[in-house]
Amino acid sequence: MTDQIQGAQPARQHTPGPWQAVGGNVFSTVSPQEASAPIARVGVPVRGGPAKLGEVEANAHLIAAAPELLEALEDVLAWGTDTNWQNAAIAVKRAHDAIAKATGAQA
């Protein structure tokens, strides 16, 4: 991403984003080596019963958006102590983009 809010980000232990949902699988889109196998597979809901395709895909989209959601929340927290309105606009845009990805509104 080109827009950056100033501030140190903590070290990550998870697979770097962005991630992409394909059906009920979630892939890392950072490197071709990681893209060959999913980093997550969404299956039958925990409550049991038959898996509904729409629900499985919606869950995969939500999981795939996790890195962007985390970044957006960190931006909002950083902006809370910042008086730069440009940073606020960046934080709000990232939040909107992450929500769209999480809900499957973004391809």
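The rules behind the values
The written sequence of each chain sets the order in which its residues are numbered from 1. With pLDDT at 70 or above as the cut-off, local features in this predicted model cover only qualifying residues; side-chain atom pairs require 80 or more to be listed or tallied, and sums for whole chains, interfaces and linings still use all residues. Side-chain metrics rest on all non-hydrogen atoms present in the structure, leaving aside hydrogens and water. Being paired, for any two strands, means DSSP has found at least two bridges between them. Strands here are runs of E lasting at least two residues and helices are runs of H or I lasting at least four, both read from the DSSP assignment and numbered beginning at the N terminus. Contacts: residue pairs with any heavy atoms within 4.5 Å of one another. Between N-to-C directions, angles span 0 to 180 degrees; the directions come from axes that are lines fitted to C-alpha atoms, helices contributing only their stretch in contact. For this analysis, a nonpolar core means a set of buried residues of the types Ala, Val, Leu, Ile, Met, Phe, Trp, Tyr and Cys, connected via side-chain atoms within 4.5 Å. Exposure classes here rest on a 1.4 Å probe applied to the protein chains alone. A residue is buried below 20% of its type maximum, exposed above 50%, and partly exposed in between. Expected helix span is taken as 1.5 Å per residue step, with the number of steps being one fewer than the number of residues. Directions pointing from the helix axis toward each C-beta atom define the arc. One speaks of a salt bridge when a side-chain nitrogen belonging to Lys or Arg is within 4 Å of a carboxyl oxygen belonging to Asp or Glu.

J.: Hey, could you go over the sheet that holds strand β1 (residues 19–22) for me, with residue numbers and the actual values?
T.: If you walk across this open sheet you meet the three strands as β1-β2-β3, and the pairing is antiparallel. Across the chains shown, the open sheet's two edge strands, defined by having one partner strand only, are β1 and β3 (40–41). Bridging between β1 and strand β2 (residues 25–28) involves four bridges; their strand directions are antiparallel. The residue bridging V22 from the neighbouring strand is N25, located in β2. On the sheet, helix α2 (residues 53–64) packs against β1, β2 and β3 and is oriented at approximately 175 degrees with respect to β1.

J.: Requested: an account of the nonpolar core, with residues and values cited.
T.: Counting seven residues, the largest nonpolar core is built from W19, A21, V26, V42, V56, A60 and A64. Listing elements by their share of this core, those giving two or more residues are β1 and α2. With three residues, α2 is the single largest residue contributor to this core.

J.: Break down helix α4 (residues 85–102) for me, with residues and values.
T.: With 18 residues, α4 extends 26 Å between its outermost C-alpha atoms, agreeing within 8% with the 26 Å of an ideal straight helix rising 1.5 Å per residue. All of the buried residues along α4 are N87, A88, I90, A91, R94, A98, K101 and A102. Along α4, the residues classed as buried sweep out an arc of 160 degrees about the axis, all on the same side. Seen from the open side of α4, the exposed residues pointing more than 90 degrees away from its buried face are W85, Q86, H96 and I99. Of the surrounding secondary structure, the elements contacted by the buried residues of α4 are β1, α2 and α3 (66–79). The positive-phi residue at the C-terminal boundary of α4 is G104, with phi of around 80 degrees.

J.: Lay out the pattern of salt bridges in plain terms, naming residues and giving numbers.
T.: Evaluated as defined, the whole model comprises four salt bridges. Where E68 meets K101, a salt bridge forms, and the shortest distance between an N and an O atom there is 2.9 Å. Of this pair, E68 sits in helix α3 while K101 is found in helix α4, placing the two residues 33 residues apart along the sequence. Relative accessible area serves as the criterion here: at 14%, E68 is assigned to the buried category. Residue K101 is classed as buried on the basis of its relative accessible area, which comes to 13%. For D97, the salt bridge goes to K93, with nearest N and O atoms at 2.7 Å.

J.: Explain α3 to me, and be specific about the residues and the numbers.
T.: Taking 1.5 Å of rise per residue, the 14 residues of α3 would be expected to cover 20 Å, and the 20 Å separating its terminal C-alpha atoms lies within 8% of that figure. Every buried residue of α3 is accounted for by P67, E68, A72, E74 and D75. All buried residues of α3 fall inside an arc of 165 degrees around its axis, so they share one side. Turned more than 90 degrees away from the buried face of α3 sit L73 and L77, all of them exposed. The inward-facing, buried residues of α3 abut β1, α2 and α4.

Geometric values such as these leave the question of function open.
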